[in-house]
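Descriptive analysis of the structure
Chain by chain, the residues run as shown.
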Amino acid sequence: MGKKFPDYVPPTQIAYVGDDAPTLHLRKCRVAVDQDGRWVEHIYDQAVVTIGAMDDNDLVLPDETVSRYHCRIYQEESAYVVQDLGSTNGTFVNKVRVKEAYLKPGCQITLGKARLEFQSIDEKVRIQPSTDDRFGEIIGANVKMRQLFGILEKIAPTDTTVVIEGETGTGKEVVARTLHQTSHRSDKPFVVFDCSAVPDNLIESELFGHEKGSFTGAIMARPGLFEMANGGTIFLDELGELTLDLQPKLLRVLETREVRRVGGTRPMKVNVRVIAATNRRLEEEVRAGRFREDLYYRLSVVRLFLPPLRERCEDIPLLVRQFLRVGRFNRDAEGRLRFNTLARETLEALMGYDWPGNVRELLNVVERACSFAEGDVIQLEDLPQHLTGSGHMQRLTALKPTMLSDPDQEVSDIGTFKDAKEKWVAAFERDYIRQLLEQNDFNISHAAREAEIDRKYFRKLMKKYGLEPSRDS
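Our subject in this report is the structure included herewith.

Once that is clear, we can look at the nonpolar core. General note: in soluble globular proteins, nonpolar side chains tend to be found buried as a group. If you look at the biggest cluster of nonpolar residues, it comprises 32 residues, and the most contacted ones within it are F226, I234 and L236. For this core, the secondary structure elements donating two or more residues are β16 (190-194), α3 (200-208), α4 (225-228), β19 (233-237), α5 (247-256), β22 (273-278), α6 (282-287) and α7 (293-299). If you tally residues by element for this core, the top one is α5, at 4 residues. L236 has contacts with F193, C195, L207, L250, V274, I275, A276 and A277, leaving out every residue within four places of it along the chain. In this structure, F339, V366, A373 and L380 belong to the second largest nonpolar core, which totals 27 residues.

Take a look at the structure:
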């Protein structure tokens, strides 16, 4: 880990170089205050730092020549900017009065009689995979998940804005809740808002609140979710569904940390950490003109990508065990566990499935199996038909590598459990894809449809195992 003071300030991000461990770049700024010739340092990792004489500023300067809300320093894509907030005595950068100006490391900022020095910091942290198979409520032994745990350990104590991307059902809300629970805000509210579940004409009122009489049906004043989350965390789920006309209003809240109720005239300060999630690729949404570029950069301080369950099938036994342990559906009338385990062929069926609905679908399947099962072990017939029918299990059984199905095979020839499992999965995937291609006359679209796998992912598996078709679809 090292620190430097660059002219170009890279955004907080996660960088992957080759097969090496990822590096987390933490963008921070240092503001030193001259107190009678002694410099007192303050370091900030958030996107906006407010400075003034009032106690609710991030940096409080109890000086009669400093306005109550004098100025703010905020992050842009590759720089920091200072903006005067209509102060009485002005904001000066290197003795030049400014309304708004880019800050260069080492520059002097003067507010009335107060003298400040600015520095930008690029803190690099090498992320090593965690040795644990869980972090808070998140479970996973897969290396991508354990790398994610390493990242979460670093950013949880900060107020950094986070965007979580991943397919539907991968557990984005669980990650957001875990970030909150492991932060210094854990004893404050955690407020969830689903941008796709509220009609467009009500989203502004839900987020920012409204005053009595501000619109038809507003019979009383009501605080918004940002006010309710004050001091804590607000989680904006399905952020990509937010309409273009509401995006600049959210951007203003992120920049000023103030909300104004619908029909209101008085802005109110809010102190919240923002975590957002989407199953869309925000870069593509920006290019398509459906998402504002400035809001994208303001939100994407740290971006996390959750892998789909099909890319971490070795986590399925861990997840199933957790679901059985904590699920109310697995308790009898006296509160005792009904099922502790699954039959081997049941687990094999779960691990051989592609899980388009990811962890959420797995949870639903386990809950359903518990309601159908009898005895003390969940059997194969307790699973839904799409996991046991349509030739799925027949193909799974036929494609088992002999090294794992041959009872006479010496254990020493198999290697470690991890090695054997990786070989089994690789052999299954290769043989399964090859057989489907042959059955469908190498028509990729038909093969992918029969496997219930996304066509792009099917092509990725073909490339992985060198199964180029003789003719494309």
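A separate point is the sheet that holds β22. An order of β16-β19-β22-β15-β23 is seen for the 5 strands of this open sheet, with the pairing classed as parallel. Pairing within the sheet leaves two strands with one partner each, and these edge strands are β16 and β23 (302-305). Recorded for the sheet is a direction-independent mean angle of 20° between the axes of neighbouring strands. Pairing geometry for β19 and β22, over 4 bridges, is parallel. When the sheet's bridge partners are listed, T233 is paired in β22 with R273.

One non-glycine residue, R257, adopts positive backbone phi at about 55°. Counting through the fold element by element, R257 comes out in the loop between α5 and β20 (258-259). When its relative accessible area of 19% is taken as the criterion, R257 is described as buried. In the Ramachandran plot, W355 falls in the positive-phi region, its phi being about 55° despite a non-glycine side chain. With respect to the helices and strands, W355 occurs in the loop between α9 (344-351) and α10 (358-372).

Turning to the pattern of salt bridges, a few remarks are in order. Tallying each qualifying case throughout the model produces 25 salt bridges. Put simply, K144 and E311 hold a salt bridge, and the shortest N to O gap is 3.2 Å. Residue K144 is located in helix α1 (residues 143-155), and its partner E311 is located in the loop between β23 and α8 (316-326); the two are separated by 167 residues in the primary sequence. Residue classification places K144 among the partly exposed positions, given a relative accessible area of 42%. When the shortest N-O distance is used, the salt bridge between R261 and E227 registers 2.9 Å. Within this pair, whereas R261 is found in the loop between β20 and β21 (268-269), its partner E227 is found in helix α4, the two being separated by 34 residues in sequence.

In this structure the tally under the stated criterion is 1 cavity of 30 Å³ or more. The calculated volume of the largest cavity comes to roughly 40 Å³. What lines the largest cavity is V320, L342, L350, V365, V366, A369, I378 and L383. If you tally residues by element for the lining of the largest cavity, the top one is α10, at 3 residues. Residues belonging to the lining of the largest cavity are distributed by class as follows: 8 nonpolar, no polar and no charged.

Now for the environment of A277. Tracing the backbone through its elements, the reader meets A277 in strand β22. It is 5.6 Å that separates the C-alpha atoms of A277 and E238, two residues lying 39 residues apart in sequence. Beyond its immediate chain neighbours, meaning those up to four positions away, A277 contacts I164, K172, F235, L236, D237, E238 and L239.

Attention now goes to the packing of α8 against α10. Their axes nearest at 10 Å, the elements α8 and α10 cross at an angle of 50°. As judged from the angle between their axes, α8 and α10 are oblique. Crossing of α8 against α10: the hand is right-handed. Taken together, the residues of α10 that come into contact with α8 (itself represented by I316, L319, V320, F323 and L324) are V359, L362, L363, V366 and C370. Taken together, the residues of the contact of α8 with α10 sort by class into 10 nonpolar, no polar and no charged.

Calculation criteria
Counting of residues starts from 1 at the beginning of each chain's written sequence and follows it residue by residue. In view of the model being predicted, local features appear only for residues whose pLDDT reaches at least 70, and side-chain atom pairs are presented and counted only at 80 or more, with totals across whole chains, interfaces and linings using the full set of residues. The side-chain values count all of the structure's non-hydrogen atoms but skip hydrogen atoms and water molecules. In plain words, nonpolar cores are sets of buried Ala, Val, Leu, Ile, Met, Phe, Trp, Tyr and Cys residues tied together by side-chain atoms within 4.5 Å. Under the scheme applied here, a residue whose accessible area is under 20% of the maximum for its type counts as buried, over 50% as exposed, and between as partly exposed, the area being computed with a 1.4 Å probe on protein chains only. Comment: elements are numbered from the N terminus, with helices defined as DSSP H or I runs of at least four residues and strands as E runs of at least two. Whether two residues are in contact is decided by their heavy atoms, any of which lying within 4.5 Å being enough. The rule for pairing is simple: two strands pair if DSSP sees at least two bridges between them. Interaxial angles span 0 to 180 degrees and are taken between N-to-C directions of axes, which are lines fitted to C-alpha atoms, for helices over the stretch in contact. Any Lys or Arg side-chain nitrogen found within 4 Å of a carboxyl oxygen on Asp or Glu counts as a salt bridge. Using only the protein atoms, space was sampled on a 1 Å grid; points where a 1.4 Å probe fits but cannot get out form cavities, open sets with protein on both sides within 12 Å along at least five of seven lines form pockets, and lining residues are those with an atom within 4 Å of a point. Grid points are joined across faces, edges and corners, and a volume is the space filled by probe spheres set on the points. Classification used: nonpolar for Ala, Val, Leu, Ile, Met, Phe, Trp, Tyr, Cys and Pro, charged for Asp, Glu, Lys and Arg, polar for all others including Gly. Our angle categories are set so that under 35 degrees counts as roughly parallel, over 145 as roughly antiparallel, 65 to 115 as roughly perpendicular, and the remainder as oblique. Here a crossing is taken to be left-handed if its near helix is turned anticlockwise relative to the far helix by less than a right angle, and right-handed if that turn runs clockwise.

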